[in-house]
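Observations on the three-dimensional arrangement
Residues per chain, in single letters:
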Amino acid sequence: MVDSNASSATTEDTPNPKPDGNAPSESDLMSDSLARKVQESLSLGKKHKFWETQPVGQFKDLGDNSLPEGPIEDPTPLSEVKQEPYKLPNLYEWITCDMDSEEMCAEVYNLLTNNYVEDDENMFRFNYSKEFLRWALHPPGYFRSWHIGVRVISSKKLVAFITGVPSRIRVRNDVVTMAEINFLCVHKKLRSKRLAPVMIKEVTRRVHLENIWQAAYTAGVVLPTPMSSCQYWHRSLNPKKLIDVGFSRLGARMTMSRTIKLYKLPESTVTPGFRKMELHDVPAVTRLLRDYLSKFIVAPDLDENDVEHWLLPKENVVNSYLVESPETHDITDFCSFYTLPSTILGNQNYSTLKAAYSYYNVSTKTPLLQLMNDALIVARQNDYDVFNALDVMLNESFLKELKFGPGDGKLHYYLYNYRLRNPLRPSELGLVLL
Ligand code: MYA
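All of the points below concern the structure found in this document. Every value quoted in this text rests on a predicted model; they were computed, and no experiment measured them. (Residues numbered from 1 in each chain as written. Predicted model: local features only at pLDDT ≥ 70, side-chain atom pairs only at ≥ 80, totals over all residues. Heavy atoms only, no water.)

Assigned secondary structure in the protein chain consists of 10 helices and 17 strands. Taking all 434 residues of the protein chain together, the buried fraction comes to 56%. Counted over contacts in the protein chain with a minimum sequence separation of 6, partners at least 24 positions apart contribute 77%. When the accessible surface of the protein chain is split by element, carbon and sulfur atoms take 49% of a total near 19,600 Å². (Helix = DSSP H or I, 4+ residues; strand = E, 2+ residues; numbered from the N terminus. Buried < 20%, exposed > 50% of the residue type's maximum accessible area, 1.4 Å probe, protein only. Contact = heavy atoms within 4.5 Å. Areas by Shrake-Rupley, 256 points an atom, 1.4 Å probe, with all protein chains shown as cover.)

Here's what the structure looks like:
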C-alpha cells in the first residue's frame, strides 16, 4: 500500500496464483528488477551526485567480490569531526526537536502528515501518530540532538526533518552500533533544491559526534546500493473499504460479496494460551526473539530494555501477543504488529486507512501460519482495514496461504559505511524499520 518507504496498492484482490515449478523465485525476480534499475541508471549516465561521495556501496562495484566486508571508512578522531553544523541556504535555520514538547511534536506531526511518503499514484500518505513518533524516537539511549528540524527563520515554520536513533545491529557475527535513520522529509514546496543531502550530512555529523560510524535505513527509491530489496504484501481485513478507496480492486470474476466472504476471519483466535504480552513477559520474549533473530544475517541485537520499549503493547502504536502454554506456562510463540494509518487523499467517504504492519514474529510450538492467522483475527477485531507484511524473515511461508497479495512497490534496505559482499535475500534479513 502507500509507500515509497512502503509499497503501493495491491493490483488485484485475489492473492497471486503460485508460480509454476520452473518460474524464477520471488528473490530472483527481485534482484533481476533491481539489476535492471541499476543497469538503466548506469546506461543513462544517471549520476548520484551526492550518494557517489558517500561511504556506501557504489553501483560500479556491484558484483566485485574482492572488496572486503565491513566498514568502508575507518572512524576519524572525534576532535576531527566538524564541530559546527553544515551551512543551510540563507533563510533557514537548524533546530533540535524536543519531541516531549507537545508543541514541537505537533509541528513535526503536521509537517509529516502533509508532506511525508505517498504511494506512486498519490492516493495515500503515511499518517504516523504523535504517540507513534514519540515511541519511535525515544528508544533506550536516544540522543535528542539526532532529532533535527529546519525552520524558515522569519516565520519559524518547520519545513524539513530527519531523525536518527541508536541501535545495535548484528551483521553476521559482528554487533555494530548504528544509527537508524528515518522520517527524512522536505516540505513539498522546497523539493529538488538539494536540501536532503544537507540534512543527511548534518545527521551524519551528529551521529559521528557520538562516536557512531554506521547507519541503517530503508527507502522506496533505489539509491547506491541496497543490501536487500523487499516487497510488501497486503492482507485485506475490510475488503469493501479497501476497494471503495482504491487501495485494491475487485478480482476478475469476483463479486463484492464473494470477496467479503473470501477474506472473512473467525470471530476469535484459535490458539489456546494466545494473549497480549505483559511487562512480566519481557525476559521470556527477549529469549525467544534473540534465539529467532540469530538465524538471520542482519538483525537487531535486542536486550530486555529494547524489548520492553519496542514490543510491550502501547495503544495505537504497537501490539504484541504471545502463546503461553496452558500446561507448562512456557512462552512458546510471539507475534507483533505496529499501527501506521494512512491518510486517504481526495475520497468523499473515508479519510483514514487503518493499517497494521507485521513487526517481529516467532514460532516455536504453534505453526507460524496459525499464529499469524490469530494476529489477523485480533487486527480485524481491533478495526484495522489491512494487515501489511514484508517478505523478510520467514514471512514468505505464510503470505500466500493467508491470502496476502503482493503490493506493487519495493522497500530497499541500506547500510551506511558498511559493505556486504552480496545483496541479501529478504528471507536473510531479520530487521524491520518503522
Ligand atoms: S525514507 C523516507 C523519505 N521521505 C519521503 O519519501 C517523504 C517525501 N519526500 C521528501 O520529503 C523528499 O522527496 C526527500 C528528498 C526528503 C525524500 N533517502 O533535496 P533533494 C537523494 C536518501 O533535491 P528532494 C527515510 O526517511 C537523491 O537520490 N536519499 O531531493 C530514510 C538525491 O541524491 P543524488 C534520498 O526530493 C532516509 C538527493 O537526495 C532519498 O527535495 C535515509 C536529492 O536531494 C531518500 N529517501 O528531497 C537518509 N530521496 O543526487 C540517508 C532522495 O545522489 C541516511 N534522495 O541521487 C544515510 C545515513 C546517515 C547517517 C550516517 C551515520 C554514520
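Here the narrative resumes, following the displayed structure.
Around the ligand, the structure places 32 residues, and the nearest of them are H48, W51, L184, S192 and A196. Between the ligand and L184, the relevant distance is 2.7 Å, taken from a nitrogen atom to a main-chain nitrogen or oxygen of the residue. S192 is positioned such that a nitrogen or oxygen atom in its backbone is 2.7 Å from an oxygen atom of the ligand. About the coverage of the ligand: the protein hides 90% of its 1,200 Å² of free accessible area. Secondary structure elements with two or more residues in the shell around the ligand: β5 (174–186), α4 (195–208) and β6 (214–219). Sort the elements by how many residues they give to the shell around the ligand and α4 lands first, with seven residues. Split into classes, the residues belonging to the shell around the ligand amount to 20 nonpolar, eight polar and four charged. (Near = heavy atom within 4 Å. Polar contact = N/O pair within 3.5 Å; in protein donor to acceptor, adjacent residues only side chain to side chain. Nonpolar A, V, L, I, M, F, W, Y, C, P; charged D, E, K, R; others polar.)

Attention now goes to the pairing of strand β3 (residues 147–152). For a regular strand, side-chain orientation follows a simple rule: the groups alternate between the two sheet faces. In terms of burial, β3 is a largely internal element, six of the six residues being buried. Residues H147, G149 and R151 point to one face of β3 and I148, V150 and V152 to the other, with burial holding for every one of them. For strand β1 (residues 92–96) and β3, the ladder comprises five bridges, and the chain directions are antiparallel. By the bridge assignment for β3, Y92 is matched with V152. Relative to strand β4 (residues 158–171), β3 runs antiparallel, the two sharing five bridges. Within β4, the residue paired with I148 across the bridge is I162. Once β3 ends, the chain turns through five residues before running back antiparallel as β4, passing K156 with a positive phi of about 70°. (Pairing = 2+ DSSP bridges.)

For α4, spanning 14 residues, the distance from its first C-alpha to its last is 20 Å, which sits close to the expected 20 Å at 1.5 Å a residue. Within α4, 12 of the 14 residues are buried, which leaves it mostly tucked inside the rest of the structure. Where α4 is buried, its residues touch β1, β3, β4, β5 and β17 (405–416). (Expected span 1.5 Å × (residues − 1).)

Quick look at the nonpolar core now. In terms of nonpolar packing, the biggest core is built from 81 residues, with V298 and Y359 touching the most fellow members. With seven residues, the single largest contributor to this core is helix α7 (residues 282–293). In terms of domain composition, this core takes at least three residues from each of domain 1 (43–228) and domain 2 (230–410). Non-local contacts of Y359, meaning those with residues more than four positions away in its chain, are made with W135, W310, L311, V318, S336, F337, Y338, M393, V432 and L434. Core analysis: the second largest hydrophobic core is formed by 30 residues, F50, W94, A219 and Y414 among them. (Core = buried A, V, L, I, M, F, W, Y, C linked by side-chain atoms within 4.5 Å. Domains from an automatic or database assignment.)

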